[in-house]
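What follows is each chain in one-letter form.
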Amino acid sequence: VHPYAQIALGILTAASNLIIAQANLDNAVSQLLEKVGSVYGFLSEDEVIKNIDNMRDPLANIARVISACAQFIKDYSETTSFWKRLGKSISLETQTTIDHYTCALDESMQQYRDCQTQDIQINIHRVLEDLNLEGMAYAGTAGLNTMKTCLENTRREILEDIITWVNDASHGVPSILWLHGQAGRGKTAISHTIASWLKNTGGLGSCFCFARDKQGEHREKMLTTIARDLAGNYPVFRRALFHTLDEDHTRKTTPDLLQQWQKLILEPLSKATGAIVGNVVIVIDALDESGQDSWRKHILSFLASMGAVSLPKFRVLLTSRALPDIKGALSGARHIKVLCLDDVPAELVQRDVTLFVSKELVHLK
């Protein structure tokens, strides 16, 4: 199975487990639950399974919608409480939301049957929209760039290894994967490919990429940007972040990296992970381009500490060159998995180079 399809299947499995775990569902969501069940029934048919590798893009759309549905169902009681506080009609709001998800599922299923892929607008239902994050620093230029992804069918083995790690929900799986190698080995292409696949399936928490020409700006905004991304992608995290900022408004603008890490990321995640579909994946690319060692040592100490280990559904994909300070901090820790691109067999490198050259020659014709 193609690693992109593996991501989608992992999201679908996690979403089903989250839904099944809800013992006492309100009757109002039974319609949506039936629709989700019919989708799983279709995807379980033998002919569909046989062809699933060739249908990975429509499958990703389905996974993204199902993920949003599962989070709505899991968060339903809190959502209705919020609507009630706003004086809204719970039955009307519920039906409107369910109609939206049902329509999105019907559209994505039709695309699957028609072997087509079009972008489907999924409005993930959010609560506590009065949470204003405008004062929290955000690096808009540090995110995913789909123009930097791997050429189709290259780097397949390393991508499969990373996706297997992302999807693995078993106890004791390392929460951090450090991918390192010399300059030009393809670290950035791999990180953007993984981030792109995760985003398309609704499984990306945040993607933060350092750049040599924007070191200062990115350093100052890294953790707050990740926190805002998580709040935008996971309604339950957004609510948890609302509570921590309500307790202390200075946390929104504090330059204290330890407070940012603990109060804006770890604590909200610890309260939210039970209602999030699959693992929460954060991609951090090119940490070696962050500049000052004095700043980087704090980030490395956070990643090397046991704080990240305490969150079983937390995953960080980190790429960099093996600079002495990074290697010293990340090597040997039990919760950090290490992969080195310098160790990729020569025949696999040659295969990927041949694919790249062939693709370029086609463009020249």
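As the structure is a computational prediction, the values presented were derived from the model and not from experiment.

**Digging into the overall build of the protein chain**
Looking only at helices and strands, the protein chain has 14 helices and five strands in total. Taking 2.2 N^0.38 as the reference for a compact globule, 365 residues should give roughly 21 Å; the C-alpha atoms of the protein chain span a radius of gyration of 21 Å, in line with that estimate. Each of the three principal axes of the protein chain carries a C-alpha extent, and together these read 60 × 55 × 40 Å. The buried share of the protein chain, taken over its 365 residues, is 49%. Counting contacts in the protein chain only where the partners sit at least 6 residues apart, residues at least 24 apart contribute 84% of the total. Split by element, the accessible area of the protein chain, about 16900 Å² in all, is 51% carbon and sulfur. Averaged over its 38 positive side-chain charges, the protein chain has a centre that lies 4 Å from the centre of its 42 negative ones.

**Section: the environment of Ser191**
For Ser191, the position within the fold is in helix α8 (residues 187–201). Put simply, Ser191 and Asn145 are 46 residues apart on the chain and 10.0 Å apart in space, counted from C-alpha to C-alpha. For Ser191, the residues in contact, after removing those within four places along its chain, are Val283, Asp285, Leu317 and Thr319.

**A look at the packing of helix α9 (residues 215–233) against helix α10 (residues 235–247)**
At a minimum axis distance of 5 Å, the contact between α9 and α10 shows a crossing angle of 125°. It follows from the interaxial angle that α9 and α10 lie oblique. The segment α9 lies against α10, with Ala227, Leu230, Ala231 and Asn233 engaging Pro235, Phe237, Arg238 and Leu241. Across the contact of α9 with α10, the residue classes break down as six nonpolar, one polar and one charged.

**What about the pattern of salt bridges?**
Applying the stated criterion to the full structure yields 13 salt bridges. The partner of Arg212 in a salt bridge is Glu289, and the shortest N-O contact between them spans 2.8 Å. With Arg212 in the loop between β2 (204–209) and α9 and Glu289 in the loop between β3 (280–285) and α12 (293–304), this pair connects stretches of sequence that are 77 residues apart. The exposure class assigned to Arg212 is exposed, which follows from its relative accessible area of 59%. For Glu289, a relative accessible area of 14% translates into the label buried. In this structure, the salt-bridge partner of Asp288 is Arg321, at a minimum N-O distance of 2.6 Å. A residue pair is termed long-range when its members are at least 10 positions apart, and Asp288 in the loop between β3 and α12 and Arg321 in the loop between β4 (314–320) and α13 (324–330) qualify at 33 residues. The exposure class of Arg321 is partly exposed, given its relative accessible area of 29%.

**Looking at the sheet that holds β4**
Taken in spatial order, the five strands make up an open sheet running β2-β3-β4-β1-β5, and their pairing is parallel. Two strands close off the open sheet at either side, each with one partner strand: β2 and β5 (336–340). Across the sheet, the mean angle from the axis of one strand to that of its neighbour is 15°, orientation sign disregarded. Two elements, strand β1 (residues 176–180) and β5, share five bridges in a ladder whose sense is parallel. Counterpart to Ile176 in the pairing with β5 is Ile336. Sheet strands in contact with α8 are β1, β2, β3 and β4, and its direction is about 155° off that of β3.

**Quick notes on the nonpolar core**
In this structure, Leu43, Ile66, Tyr112, Ile162, Ile190 and Ile194 are the most contacted members of the largest nonpolar core, which totals 63 residues. When residues of this core are assigned to their parent elements, the largest contribution, eleven residues, is made by helix α4 (residues 56–74). With residues near it in sequence (within four places) discarded, Tyr112 still touches Phe42, Leu43, Val48, Ile52, Met55, Pro58, Leu59 and Ile62. Listed in part, the 45 residues of the second largest apolar core include Trp178, Phe237, Ile265 and Phe314.

Basis of the calculations
Residues numbered from 1 in each chain as written. Predicted model: local features only at pLDDT ≥ 70, side-chain atom pairs only at ≥ 80, totals over all residues. Heavy atoms only, no water. Helix = DSSP H or I, 4+ residues; strand = E, 2+ residues; numbered from the N terminus. Rg over C-alpha atoms; globule rule 2.2 N^0.38 Å. Buried < 20%, exposed > 50% of the residue type's maximum accessible area, 1.4 Å probe, protein only. Contact = heavy atoms within 4.5 Å. Areas by Shrake-Rupley, 256 points an atom, 1.4 Å probe, with all protein chains shown as cover. Lys, Arg positive; Asp, Glu negative; His and termini not counted. Charge placed at Lys NZ, Arg CZ, Asp CG, Glu CD. Axes fitted to C-alpha atoms, helices over the stretch in contact; angles between N-to-C directions. Parallel < 35°, antiparallel > 145°, perpendicular 65-115°, else oblique. Nonpolar A, V, L, I, M, F, W, Y, C, P; charged D, E, K, R; others polar. Salt bridge = Lys/Arg side-chain N within 4 Å of Asp/Glu carboxyl O. Pairing = 2+ DSSP bridges. Core = buried A, V, L, I, M, F, W, Y, C linked by side-chain atoms within 4.5 Å.

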